[in-house]
Amino acid sequence: MTRKVALITALIAAVVGASATPANAAAPAPTFTHLTPGGRPKLTETVPVNIVFLGYDTNDVDQAEFRSGLAKTYEPEVRSRQWYGEQEKLGITYTYDYKVQYADQAYQDKFFKRLKQLSTPAPLTVYQEEYNAQTKNVLDVTSNNYIDAPTVEKWLAYNPPRGVDTERNTIFLINWHGRADFKFHVYTKTGEADPDTGYDFGKERDSRKMMAWGGTTRDDEETGLGSTRRVWFADLSAGPEANMANYIVDELDVDGDGQPDYRMPNTWEYTDGGFRSPDALSGDLAKIVRYVGLDLLMTTSPLYPVELPTGTGLPKSINLDSNTYEDWPGVDASAAYIKPDLVVEELADLRWRNRLDFDNQDFAVDAKNRACFEGWYITYEPCYDGQELPPDANLFLYNDENIARTKDDDGRVDYELPLINYATGGDFTTPLGYADDNWVDGTQSYVFSFISPGIIERGYGLSTTQIHEAGHHLGMSHPHDGWDSEAGADIGASGDFYFSWLGDENNSMMSYIDLNWDFSQFDRDNSDRFLTAAYFEAANKLAANVLAAKDAGRVTANLRSADTVLGQAKRAFAKHEYRTAYALAEKAYNIVARAADRVGADPAAAAKALHARAEQARVSGKVHDPHEFIDTLEPGHSPRSLP
């Protein structure tokens, strides 16, 4: 071989070798800063928490001891998954930034002067009278005054101590007792009657006289604050009251379940020989802030997954699909006791980026449905041969079997939220309702609401129950039950956490206080945070499918665009701009969805896989204990049954 030929051969080999490797090797996967294909989001927020002691000083509340009872961080997770031994974190981490302040004398004088001006003389409530009848009470309540709770909230929101920004989460811990100008008092909220019955719980019932309030939105139709504020106050010098059951000081077990119930008494009971040692006050106030103010109101966990079980992806349009089993002779319950416009209006405040509408169908009650209903509520018997699930699942099983006839909007909307109503003329009072899961993995299923002569007599129609139960379906918990991630503790209003009933005293549709039919500012904030995480995770899952597609390289620019938008969402989230974060996360998801469409990847693949897994688990007959959060009216099980 000549030198020239050898040189040409070597050059050809070099060129072929250089081109062969890239042609046969897979292109390197693109890298992203915020998009994590197949992974969970990593959303972080340093949450400012202002705590103002108003009427307490350092001799009453030791700040070091108080702070030692507070949590440092919080990671929300889906509570319904816990029923099945599963943990599903949202990918959110909150770090609390506490700013604790004792109001100075000038501010205290100004505030309590305002309370005095707002005080209207009133008869003792039945609970103040019952407190006076106790044998271990340290004093008698000699008079009473009503003070309008929303007015106090608004005053605090716009007249905070210097350095306190009430646009951020702010908790006022109030004690009026011990001052020369002290008046026995309770807080009230009236003027927002049940829309179907006209019954004003705040006016008619002493059990709705309170010691705490807050969470009102800027645009609440009755008591709106005008601009966004995040205020909640708790006043242990108000009452005694029904909700905390602190009118009972002679007994420790007030709900009859055989275990002592931890309750915060009035401030004058923190004394030697009183219900609680004065040394316990700092820790008790820390419990109120941590387990009520933060875990149940301001930074909560969702009851159910907020992404909704469509099987086709995250929905844009939601139909509130009301279906009423009419079994009350002479009464058209759906016409008489449902206000469709109100139901849509209130739920739209929570899911403001969805298109919501409402329709109702009426059905007669067939023999099987009647057997399932009576087996669920009256005889506690299963209604299907070979049924492995307990009778608590009767209504779920019947409606799951017959769901096809209720779904009348298939193809018109992305998701039909199934509202199942039972109207009965029976002489028994059912629960108000409950939002069931699928008895498989904790995914939400059907919303059940009930109406009967007994329920009407107690002041309730169907509209407010539908809003409340649909709120559960969309992820909202009660403000008296929740989760503390740092302690790994489930919070329920009994035993060591009986005091969590105090969380109901806020302007939330999800409470049992029945004084308003709106979602609170805290509800809105938490829903927006949850949905930010849901869209972030959906974008991540879908991105993994896109990258696995044959032509993934065609849409790398799209994925990088989504990555940029997710970065913007993370920054907005960290800056407490929850509505903006939610909108940006949804935008990023839509960018990834369009990329999936371009390369032939199924945009709904992840959702379909989860849906198929749940369906397979359902037919496997997995049995578990009943777990519904049933909104009951039974005496002894809920303060809302009290007069």
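This write-up is about the structure you can find in this document.

Analysis parameters
Residues numbered from 1 in each chain as written. Predicted model: local features only at pLDDT ≥ 70, side-chain atom pairs only at ≥ 80, totals over all residues. Heavy atoms only, no water. Core = buried A, V, L, I, M, F, W, Y, C linked by side-chain atoms within 4.5 Å. Buried < 20%, exposed > 50% of the residue type's maximum accessible area, 1.4 Å probe, protein only. Helix = DSSP H or I, 4+ residues; strand = E, 2+ residues; numbered from the N terminus. Contact = heavy atoms within 4.5 Å. Pairing = 2+ DSSP bridges. Axes fitted to C-alpha atoms, helices over the stretch in contact; angles between N-to-C directions. Salt bridge = Lys/Arg side-chain N within 4 Å of Asp/Glu carboxyl O.

Membership of the largest hydrophobic core comes to 186 residues, with the highest contact counts inside it found for Phe-66, Leu-156, Leu-173 and Trp-232. Counting residues per element, this core draws most heavily on helix α16 (residues 521-548), which supplies 12 residues. Once you skip the residues sitting within four places of it in the chain, Leu-156 turns out to touch Leu-54, Tyr-107, Phe-111, Thr-166, Phe-172, Ile-174, Val-231 and Phe-233.

If you trace the backbone, Phe-536 turns up in helix α16. Take Phe-536: its relative accessible area is 1%, and that puts it in the buried class. Taking C-alpha positions, Phe-536 is 8.8 Å from Ala-569, a pair spaced 33 residues apart along the chain. Dropping the residues within four chain positions of it, Phe-536 is found in contact with His-34, Pro-41, Leu-43, Leu-566, Lys-570 and Ala-585.

Turning to the sheet that holds strand β12 (residues 415-424), a few remarks are in order. Across the sheet, five strands lie side by side as β11-β10-β12-β14-β13; this open sheet has mixed pairing. Here the strands that pair on one side only, and so sit at the sheet edges, are β11 (355-363) and β13 (433-437). On average, each strand axis in the sheet is inclined to that of its neighbour by 20°, with strand direction left out of account. Bridging between strand β10 (residues 317-327) and β11 involves nine bridges; their strand directions are parallel. Bridged to Thr-324 within β11 is Asp-362. Relative to the sheet, helix α12 (residues 394-401) contacts β10, β12, β13 and β14 (444-451), its axis offset from that of β14 by approximately 110°. Most of the contacts of helix α15 (residues 463-473) go to β14, to which it runs at about 165°, and overall it touches β10, β11, β12, β13 and β14.

For the structure on display, the rule yields 27 salt bridges. A salt bridge links Arg-81 to Asp-441, with the nearest nitrogen and oxygen atoms 3.5 Å apart. Of this pair, Arg-81 sits in helix α3 (residues 79-82) while Asp-441 sits in the loop between β13 and β14, and the two are 360 residues apart along the sequence. Asp-441 carries the same exposure label as Arg-81, and that label is buried. Taking the shortest distance from any N to any O, the salt bridge between Asp-514 and Arg-208 comes out at 2.5 Å. Of this pair, Asp-514 sits in the loop between β16 (489-491) and α16 while Arg-208 sits in the loop between α7 (201-204) and β8 (212-214), and the two are 306 residues apart along the sequence. An identical accessibility class is assigned to Asp-514 and Arg-208; each is buried.

Purely geometric numbers; function is a separate question.
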